[in-house]
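Per-entry structural report
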Amino acid sequence: MPDSTQGPGRGSLRRVPKQERSRERIDEILKVSMQLIGQKGIDAVTMKEIAALSGGPIASVYQYFPNKSAIIATLYERYVEEVRSFVAEQIGKIATAEDALQAPAALFDLYYYNMRERPSLQDLLNAIQADKALADLDIAETRFQADVFYKATEPFVEEPLRENYARALLVMFHLSGATMRLALMVPEDEAAAAVAQFKSIIRAQATYYFTGSFPVSL
């Protein structure tokens, strides 16, 4: 499970920048890459195009990124840092079992609406899923987030249920990503129904672990 102080895939950069100018160059490369991904999709973006639009020779891109996969991995690392920030904020609000019950839906909403507002992130995550090494990083990050949530809510779960609760959280966090991708691909009314159904499922599961029984009605 990744260290909470680190991104999921450190080492994507060919060399770690030490000077401000180098960090600014990397930021510009990543900014342009994300813009191009949003406009054209990842498959259509080339290193040559990234170099041209980021204001430097192609050698200056390869100086930091050995290939396009490394750029994608670094963009993913930055996305993960952002996600961890709002996950930590929401988890920090959990003080009671009722807070814990409400938290999964609140987290999903933050995740989902963030993706809706930034379509290029959708292409980025699709690319992550298509690359075996990067998909493994994504699974590791899912484990990390589920574990963070588990540690914050474990006191509200009876001891005999805790092992199964930890497993259920991993599945729920994984399914939240799948549900989000489905909702972004279908018409809005169908997306709303899918999201509502998913929230109902995770609330029922959470209710069981926090109270020892499923809700009478969903």
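Please read all numbers here as calculations on a predicted model, not as lab measurements. (Residues numbered from 1 in each chain as written. Predicted model: local features only at pLDDT ≥ 70, side-chain atom pairs only at ≥ 80, totals over all residues. Heavy atoms only, no water.)

Re the confidence of the model for the chain
Applicable threshold: As a per-residue quantity, pLDDT reports the predictor's confidence and falls between 0 and 100. We call two residues contacting when some pair of their heavy atoms lies within 4.5 Å.
Taken over all residues, the pLDDT of the chain has a mean of 87, while the share at 70 or more is 90%. Under a pLDDT of 50 for its full length, residues 1-11 has, in the predicted model, 22 contacts with residues more than four places off or in other chains.

Details of the pattern of salt bridges
The criterion, for reference: By definition here, a salt bridge exists when the distance from a side-chain nitrogen of Lys or Arg to a carboxyl oxygen of Asp or Glu is within 4 Å. A run of H or I in DSSP counts as a helix once it spans at least four residues, and a run of E counts as a strand once it spans at least two, with each numbered from the N terminus. Partly exposed residues are those whose accessible area sits between 20% and 50% of the maximum for their type, while under 20% is buried and over 50% is exposed, using a 1.4 Å probe and protein chains only.
Here the structure, examined in full by the defined rule, presents 11 salt bridges. For Glu82, the salt bridge identified is with Arg118, shortest N-O distance 2.5 Å. With a gap of 36 residues between them, Glu82 in helix α4 (residues 68-91) and Arg118 in the loop between α5 (97-117) and α6 (119-130) connect regions that are remote in the sequence. Its relative accessible area of 30% is what places Glu82 among the partly exposed residues. Assessed through its relative accessible area of 31%, Arg118 is described here as partly exposed. One continuous salt-bridge network, built from bridges that share partners, spans Glu154, Glu159 and Arg162.

With respect to α5
For clarity, the cut-off: Multiplying 1.5 Å by the residue count of a helix minus one yields the expected span of that helix. Two axes enter the bend calculation: one fitted to the seven residues ending at the residue in question, the other to the seven starting there, and the bend is the angle between them.
The end-to-end C-alpha distance of α5 is 31 Å, a good match for the 30 Å that 21 residues give at a rise of 1.5 Å each. The sharpest bend along α5 comes to roughly 35°, located at Ala103, with the proline Pro104 sitting one to four residues further on. Inspection of α5 places Ala100, Leu101, Ala103, Pro104, Leu107, Phe108, Tyr111, Tyr112, Asn114 and Met115 among the buried residues, and these make up the whole buried set. The inward-facing, buried residues of α5 contact α4, α6, α7 (132-153), α8 (162-185) and α9 (188-211).

Here's the deal with the domain arrangement of the chain
Rule in force here: The domain boundaries here were taken from an automatic or database domain assignment. What counts as buried area is the accessible surface, traced by a 1.4 Å probe, that two parts surrender upon association, with contributions from both included.
Under the domain assignment used here, the chain contains domain 1 (20-66) and domain 2 (75-211). Computed over C-alpha atoms only, the centres of domain 1 and domain 2 are separated by 30 Å. Listed per partner, the contact involves 9 residues of domain 1 and 7 residues of domain 2. Interface area for domain 1 against domain 2, summed over the two sides, is near 700 Å², with a carbon-plus-sulfur share of 75%. Of all residues in domain 1, Leu30, Met34 and Ile42 give up the largest surface area on contact with domain 2, accounting jointly for 65% of the area buried on that side.

Considerations on the UniProt feature "DNA-binding region" (unreviewed entry) in the chain
The condition that has to hold: UniProt positions are given in the numbering used here, feature names are shortened, and annotations may be inferred rather than shown by experiment.
If you check UniProt for "DNA-binding region" (unreviewed entry), the listed places come out as residues 46-65 in our numbering. In residues 46-65, the share of helix is 60% and the share of strand is 0%. The end C-alpha atoms are 13 Å apart.

Points about the side chain of Arg84
Going by this rule: Polar contact criterion, stated in full: a pair of N or O atoms within 3.5 Å, where within protein one must be able to donate a hydrogen and the other to accept it, and residues adjacent in sequence count only if both atoms are side-chain atoms.
Within the fold, Arg84 resides in helix α4. A polar contact is formed between the side chain of Arg84 and the side chain of Glu141, at a distance of 2.7 Å.

Regarding the packing of α6 against α7
Relative placement of two packed helices is described by the angle separating their axes and the distance separating the axes. For clarity, the threshold we go by: Every angle, taken between N-to-C directions, lies between 0 and 180 degrees, and every axis is a line fitted to C-alpha atoms, over only the stretch in contact when it is a helix. Note on angle classes: values under 35 degrees are labelled roughly parallel, values over 145 roughly antiparallel, values of 65 to 115 roughly perpendicular, and the remainder oblique. In this classification, the charged set is Asp, Glu, Lys and Arg, the nonpolar set is Ala, Val, Leu, Ile, Met, Phe, Trp, Tyr, Cys and Pro, and all remaining amino acids, among them Gly, are polar.
Interaxial distance between α6 and α7 falls to 5 Å at its minimum, and their mutual angle equals 110°. Judged by the inter-axis angle, α6 sits roughly perpendicular to α7. Packed against α6, whose contacting residues are Ile128, Gln129 and Ala130, the element α7 presents Lys132, Leu134, Ala135 and Asp138 at the interface. Residues belonging to the contact of α6 with α7 are distributed by class as follows: 4 nonpolar, 1 polar and 2 charged.

Some remarks on the packing of α5 against α9
Condition: In this scheme the crossing of two helices becomes right-handed for a clockwise turn of the near helix relative to the far one and left-handed for an anticlockwise turn of less than a right angle.
Packing of α5 against α9 brings their axes to within 9 Å, and their N-to-C directions diverge by 155°. With respect to their mutual orientation, α5 and α9 come out roughly antiparallel. α5 and α9 meet at a crossing whose hand is right-handed. Residues Ala97, Glu98, Ala100, Leu101, Gln102, Pro104, Ala105, Phe108, Asp109, Tyr112 and Arg116 of α5 form the contact with α9, whose own contacting residues are Glu188, Ala191, Val195, Phe198, Lys199, Ile202, Arg203, Ala206, Thr207 and Phe210.

Section: the UniProt feature "domain: HTH tetR-type" (unreviewed entry) in the chain
Mapped onto this structure's residue numbering, the UniProt feature "domain: HTH tetR-type" (unreviewed entry) falls at residues 23-83. For residues 23-83, helix accounts for 75% and strand for 0%, while the C-alpha atoms at its two ends are 22 Å apart.

Considering the nonpolar core
Nonpolar side chains in soluble globular proteins tend to be buried together. Inclusion rule: For the purposes of this section, nonpolar cores are sets of buried Ala, Val, Leu, Ile, Met, Phe, Trp, Tyr and Cys residues that join through side-chain atoms within 4.5 Å.
Ile71, Tyr79 and Phe149 are the most contacted members of the largest nonpolar core, which totals 62 residues. Elements represented by at least two residues in this core include exactly α1 (20-40), α2 (47-53), α4, α5, α6, α7, α8 and α9. The element best represented in this core is α4, accounting for 12 residues. Excluding anything up to four places from it in sequence, Ile71 contacts Ile29, Leu30, Ser33, Met47, Ile50, Val61 and Phe65.

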